[in-house]
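# Structural features, examined
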Amino acid sequence: MLASIAPGGPAPSALPASDDGATVVGERSPGPRLLDLTVRSPVLAGIAHVRLLLPPGWSRDAARTWPVLWLLHGSGTSADHASWSVHTDLERIAGEQEVIVVMPDGGPCATYSDWWNQGGGGPPKWETFHLAELRQILERGYRAGTERAIAGAGMGGMGALAYAARHRGLFRAAASFSGALNTLHRDPAGLDMPDLVQLSVEIGGSLAAWNDLWGDPDGQRLVWRHHNPYDLADRLAGVRLYVSSGDGTTGPYDPRPGGGARAARPGPDILEALAHHVTQDFAGKLRKLGIPVSTHFYPGTHRWSYWGRELHAALPILLSEIT
């Protein structure tokens, strides 16, 4: 792939690489101060895309670096590196901030971890791609600094808090919007978190068995716990935290009854109701541990209009820790 002219001047002939050989093979600028990277990664056995929102005055030759805000998308075949800039007013609220916003592809399953693969490891290794390969690439070639915050929506909220807990000291602040914050929450009478993880893998189009991710939630419980924000809560001490979710009922950004094709869905949104339950449990555990957390629980469903609003609320908290 040929690199296009990118913000900050022409793309260099030798684009940056990570220690294990992950390499930027293309750049494209889809809009003012937006830069899309195509990265070939050995731990993904293919390519992935990353969107950057660059701060005013950014240049790849600058004498300074910029703090970094990571934004993770949720699961679904239409979710990708462009989701945050497409579905929210991110560019308006963060475009003038002195920060590089990193929006990486997390795959349609959005599980934000290295897959267990029946104990054999190997691709896909999203955690390694993001926090080793991509981090090195950004710091070596795009003037990314070491002051970092992270946030995500849906499964991306799970990923944001799991990354912050599993890599202590890497992120100074973390936020989850409608996140799957207790992946071991069970409910024999209805949809529970192992069900949701299974659906994320299967609906995401993976050709693998869903339990290739972390194994069986009972048989490989230790593997699940090592990736579960609820079980890792004590490791978030010292990280500035914000968590939120709707309760699954109709809220201000939901279609109203009688709206034709966009009429409100009947009954509660069970996906958001589940996120609400586990987010409340997670916040309660943090408080029992004496770990401060900012929370916002509200009437609403599982949709981008709410996550855009939550980004507005969380952004000052996140940026206060890194800028």
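Residues numbered from 1 in each chain as written. Predicted model: local features only at pLDDT ≥ 70, side-chain atom pairs only at ≥ 80, totals over all residues. Heavy atoms only, no water.

What follows deals with the overall build of the protein. Along its length, the protein carries eight helices and nine strands. Its C-alpha atoms give the protein a radius of gyration of 19 Å, within 12% of the compact-globule value 20 Å for 323 residues. With the principal axes as the frame, the protein shows a C-alpha extent of 60 × 45 × 45 Å. A total of 323 residues make up the protein; the buried ones form 54% of that total. Put simply, of all contacts in the protein between residues at least 6 apart along the chain, 71% involve residues at least 24 apart. (Helix = DSSP H or I, 4+ residues; strand = E, 2+ residues; numbered from the N terminus. Rg over C-alpha atoms; globule rule 2.2 N^0.38 Å. Buried < 20%, exposed > 50% of the residue type's maximum accessible area, 1.4 Å probe, protein only. Contact = heavy atoms within 4.5 Å.)

Moving on, we come to the pattern of salt bridges. Side chains that differ in sign of charge can pair as their charged atoms come close. Scanning the model with the defined rule gives 16 salt bridges in all. With a shortest N-O distance of 2.7 Å, Arg51 and Asp36 are connected by a salt bridge. With Arg51 in strand S3 (residues 46–53) and Asp36 in strand S2 (residues 34–41), this pair connects stretches of sequence that are 15 residues apart. Assigned by exposure class, Arg51 and Asp36 land together as buried. The partner of Asp192 in a salt bridge is Arg186, with the nearest N and O atoms 3.5 Å apart. Since its relative accessible area comes to 41%, Arg186 is described here as partly exposed. Look at the salt bridges and you will find they share partners, linking Arg28, Asp36 and Arg51 into a network. (Salt bridge = Lys/Arg side-chain N within 4 Å of Asp/Glu carboxyl O.)

A few words now on helix H7 (residues 270–288). The first and last C-alpha atoms of H7 sit 27 Å apart over 19 residues, in line with the 27 Å expected at 1.5 Å per residue. Turning to H7, its buried residues are Glu272, Leu274, Ala275, His276, Val278, Thr279, Phe282, Ala283 and Leu286. Considering only its buried residues, H7 is in contact with helix H4 (155–166), helix H5 (193–203), strand S8 (240–246) and strand S9 (294–298). With a side-chain oxygen lying 3.0 Å from the backbone nitrogen of Leu271, the N-terminal cap of H7 falls on Asp269. (Expected span 1.5 Å × (residues − 1). Polar contact = N/O pair within 3.5 Å; in protein donor to acceptor, adjacent residues only side chain to side chain.)

Before going further, it helps to spend a moment on the pairing of strand S6 (residues 144–153). Within S6, eight of the ten residues are buried, leaving the element largely enclosed by the surrounding structure. Here six bridges tie strand S4 (residues 66–72) to S6, and the two strands are oriented parallel to one another. Note that in S6 the partner of Val68 across the bridge is Arg148. Pairing of S6 with strand S7 (residues 173–177) involves five bridges; the strand directions are parallel. Paired with Ala149 across the strands is Ala173, a residue of S7. (Pairing = 2+ DSSP bridges.)

A few words now on the environment of Thr65. Considering the arrangement of structural elements, one finds Thr65 in the loop between S3 and S4. In this structure, the C-alpha to C-alpha distance between Thr65 and Leu138, residues 73 residues apart in sequence, is 10 Å. Setting aside anything within four residues of it in sequence, one finds Thr65 in contact with Arg143, Ala144 and Gly145.

Quick look at the sheet that holds S3 now. The nine strands are arranged S1-S2-S3-S5-S4-S6-S7-S8-S9 in an open sheet whose pairing can be described as mixed. The sheet terminates laterally at strand S1 (23–31) and S9, the two strands that pair on one side only. Strand after strand, the sheet turns through a mean of 20° between neighbouring axes, direction not considered. Along the sheet, H7 contacts S8 and S9; its crossing angle with S8, the most-contacted strand, is approximately 150°. Strand contacts of helix H8 (residues 304–320): S4, S6, S7, S8 and S9, with the helix running at about 170° to S7, the strand carrying the most contacts. (Axes fitted to C-alpha atoms, helices over the stretch in contact; angles between N-to-C directions.)

Within the fold, Ser113 resides in the loop between strand S5 (100–104) and helix H3 (126–141). Judged by its relative accessible area of 1%, Ser113 is buried.

What follows deals with the packing of aromatic side chains. Summed over all chains, the structure comprises eleven aromatic pairs. Arranged with centres 6.0 Å apart and planes meeting at 90°, the rings of Tyr112 and Tyr163 form a pair that is edge-to-face. Of this pair, Tyr112 sits in the loop between S5 and H3 while Tyr163 sits in helix H4, and the two are 51 residues apart along the sequence. Like Tyr112, the residue Tyr163 is buried in the burial classification. Measuring from ring centre to ring centre gives 5.0 Å for Trp214 and Trp224, while their planes differ by 75°; the resulting arrangement is edge-to-face. Note that Trp214 is positioned in the loop between H5 and helix H6 (221–225) and Trp224 in helix H6, a separation of ten residues in sequence. For the pair Trp214 and Trp224, one class covers both residues: buried. A cation over an aromatic ring shows up here: Lys285 above the ring of Tyr230, its NZ or CZ 4.4 Å from the ring centre. Of note, Arg309 hangs over the ring of Tyr298, and the distance from its end group to the ring centre comes to 4.6 Å. (Phe/Tyr/Trp six-rings, centres within 6.5 Å; stacked < 30°, edge-to-face > 60°. Lys NZ or Arg CZ within 6 Å of the ring centre and 35° of its normal.)

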